[in-house]
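Here is what each chain is made of, one letter per residue.
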Amino acid sequence: MAANDINPVAGRQFYNPESGNNSRVHALDGTFANGQHIQDFDLQFSLSRARRDFENLKAFRRTSGWAFDDPIDNEKAKTSGKGIERSAIYPDSHILTFSVLAALVLFEGLANAYFFAGSSDLGLLGGWLQAITVSFVNVITAFFVIGYLCLRHLTNPQKRWSFAAAVLGLPVAIAFIVVLNLAAAHYRDLLEIHAATLALGGADITGELIAPIQHLIAAPFSFQTLEAYLLLTLGLTFAIIAAYKGRTFDDAIPGFGVVQRRAERSARELNRVVKKAAGGRNAPEEQIAEAQLLLMEMAEDFGSARPR
């Protein structure tokens, strides 16, 4: 009788976890012995991320902001629509934009406070709080709703749902801005009339102070004081400026500026890592050459002659 028949366990081979590690270690030793280098994983990570972000940018252009299927992935999508044939247009910094918005809110708030406080029963502080509230709502609504959302989505009709929402939302937002400024102007008119009436010893019109909307509905552009016209002009002018700043806050096509900035950041990071790798780190020449080719392609794309 064989020994294995007596003890069946003796003929079995058990898994030894150290054997796999030892084989990998021997393989790495052989790699170093042959004069080869291990890949630079920092460089590989930056290379993969830059390639991914660059491909996302090109796919965004081909699909006009994901408005239809990518023609490369779907042959039926070749006639779905026209892609983007330009680079993203956006400011280098938003500091100026936010500074302009803050200046608009502050200046309009101070102007409104001057118009409100003189005749308001709430005094200077109460009139300023009323004024800054009207100014803030006026500027932010024009900037975000009209400029940043509606006007930008109107530039990409291939995204039908977003385009339809912008078509419906734009007149509503404009109407809200106009009504807000008209109501503020009528309120200023009523304050002046109220102050004059009290000075003459009458109080029959004081109840109308809390109902400027009634005057707005009855006679939208009928004002009794010059200050009301100035207040209306000031509010609408600042709303137009805020809407323009919202429209130019980023590229006209929503998402385009974000995708391109991400690709540019990845390219700068890859360039930084390549310089370190070429300066003495143990990265194979093939890996460095691959990264340099991608950087050249991205640089040519970002600096191409497409209109900006």
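The structure reproduced in this document is the subject of the present report. Treat the numbers as computed from the prediction; the structure is a model and nothing was measured.

In terms of regular secondary structure, the protein chain is built from 10 helices and 0 strands. Mapped in sequence order, the helices and strands of the protein chain form the string α-α-α-α-α-α-α-α-α-α. Summarising the internal contacts of the protein chain: among those between residues at least 6 apart in sequence, 73% fall at separations of at least 24. Total accessible area on the protein chain is roughly 18,300 Å²; 62% of this is exposed by carbon and sulfur atoms.

The backbone of Ser64 sits at a positive phi, close to 55°, despite the residue not being glycine. In this structure, Ser64 sits in the loop between helix H3 (41-62) and helix H4 (95-117).

Let us look at the nonpolar core. The biggest cluster of nonpolar side chains holds 24 residues, and the ones touching the most others in it are Leu43, Leu57, Phe256, Leu270, Val274, Leu294 and Met298. Elements supplying a minimum of two residues to this core: H3, helix H9 (256-278) and helix H10 (285-302). For this core, the element with the highest residue contribution is H9, accounting for 8 residues. Counting 19 residues, the second largest nonpolar core, distinct from the first, contains Cys150, Leu170, Ala243 and Phe249.

At 3.6 residues per turn, the α-helix brings residues three or four places apart onto the same side. Given a rise of 1.5 Å per residue, 22 residues ought to cover 32 Å, and the 32 Å separating the end C-alpha atoms of helix H8 (residues 226-247) matches this to within 8%. Buried within H8 are the following residues: Ala228, Leu231, Leu232, Leu234, Gly235, Phe238, Ala239, Ala242, Ala243, Lys245 and Gly246. Mapping the buried residues of H8 onto a view down its axis gives an arc of 165°, with all of them on the same face. Facing away from the buried surface of H8 by more than 90 degrees, the exposed residues are Leu226, Ile240 and Tyr244.

This part covers the side chain of Lys245. Assignment of secondary structure puts Lys245 in helix H8. One buried charged residue, Lys245, remains without a salt bridge, the closest side chain of opposite sign being Asp92 at 13 Å. The contacts of Lys245, once residues within four sequence positions are left out, are Thr97, Val100 and Phe143.

So, on to the packing of H3 against H9. Their axes nearest at 8 Å, the elements H3 and H9 cross at an angle of 155°. Looking at the two axes, H3 sits roughly antiparallel to H9. Crossing of H3 over H9 shows left-handed handedness. From H3, Asp42, Leu43, Ser46, Leu47, Arg49, Ala50, Asp53, Phe54, Asn56, Leu57, Phe60 and Arg61 reach across to H9, where they touch Phe256, Val259, Gln260, Arg262, Ala263, Ser266, Glu269, Leu270, Val273, Val274 and Ala277. Tallied by class, the residues present in the contact of H3 with H9 amount to 13 nonpolar, 4 polar and 6 charged.

Further remarks concern the packing of aromatic side chains. The relation between two aromatic rings is expressed through the spacing of the ring centres and the mutual angle of the planes. Counting across every chain of the model gives 8 aromatic pairs. Summarising the aromatic geometry, the rings of Phe54 and Phe302 are spaced 6.2 Å apart at their centres and angled 80° between planes, so their arrangement reads as edge-to-face. Of this pair, Phe54 sits in helix H3 while Phe302 sits in helix H10, and the two are 248 residues apart along the sequence. The class of Phe54 is buried, set by a relative accessible area of 2%.

Turning to the pattern of salt bridges, a few remarks are in order. This structure, assessed with the given rule, holds 8 salt bridges. Lys58 is the partner of Glu55 in a salt bridge, and the nearest nitrogen-oxygen pair spans 3.2 Å. Of the two residues, Glu55 and Lys58 both sit in helix H3, 3 residues apart, roughly one turn of that helix. Residue classification places Glu55 among the partly exposed residues on the basis of a relative accessible area of 35%. Here Glu297 ties to Lys58 by a salt bridge, and the two come within 3.6 Å at their closest N and O atoms. Highlighted residues: Glu297 in helix H10 and Lys58 in helix H3, separated in sequence by 239 residues. You can call Glu297 partly exposed: its relative accessible area is 40%. What emerges from the salt-bridge pattern is a single network uniting Glu55, Lys58 and Glu297.

Time to look at a nonpolar patch on the surface. A cluster of nonpolar side chains, namely Phe136, Val137, Ile140, Phe144, Leu149 and Phe176, defines an oily patch on the protein surface of about 490 Å² accessible area. Mapped onto the elements of the fold, Leu149 is located in helix H5 (residues 123-153).

Relative to the helices and strands, Ala263 is located in helix H9. By relative accessible area, which is 0% here, Ala263 ends up buried. It is 8.8 Å that separates the C-alpha atoms of Ala263 and Arg49, two residues lying 214 residues apart in sequence. Residues contacting Ala263, with those up to four places away along its chain left out, are Asp53, Phe54, Leu57, Met298 and Phe302.

Definitions and cut-offs
- Residues numbered from 1 in each chain as written.
- Predicted model: local features only at pLDDT ≥ 70, side-chain atom pairs only at ≥ 80, totals over all residues.
- Heavy atoms only, no water.
- Helix = DSSP H or I, 4+ residues; strand = E, 2+ residues; numbered from the N terminus.
- Contact = heavy atoms within 4.5 Å.
- Areas by Shrake-Rupley, 256 points an atom, 1.4 Å probe, with all protein chains shown as cover.
- Core = buried A, V, L, I, M, F, W, Y, C linked by side-chain atoms within 4.5 Å.
- Buried < 20%, exposed > 50% of the residue type's maximum accessible area, 1.4 Å probe, protein only.
- Expected span 1.5 Å × (residues − 1).
- Arc of directions from axis to C-beta.
- Lys, Arg positive; Asp, Glu negative; His and termini not counted.
- Salt bridge = Lys/Arg side-chain N within 4 Å of Asp/Glu carboxyl O.
- Axes fitted to C-alpha atoms, helices over the stretch in contact; angles between N-to-C directions.
- Parallel < 35°, antiparallel > 145°, perpendicular 65-115°, else oblique.
- Left-handed = near helix turned anticlockwise from the far one by under 90°.
- Nonpolar A, V, L, I, M, F, W, Y, C, P; charged D, E, K, R; others polar.
- Phe/Tyr/Trp six-rings, centres within 6.5 Å; stacked < 30°, edge-to-face > 60°.
- Patch = residues over 30% accessible without salt bridge, like charges linked within 9 Å, V, L, I, M, F, W, Y side chains within 5 Å.

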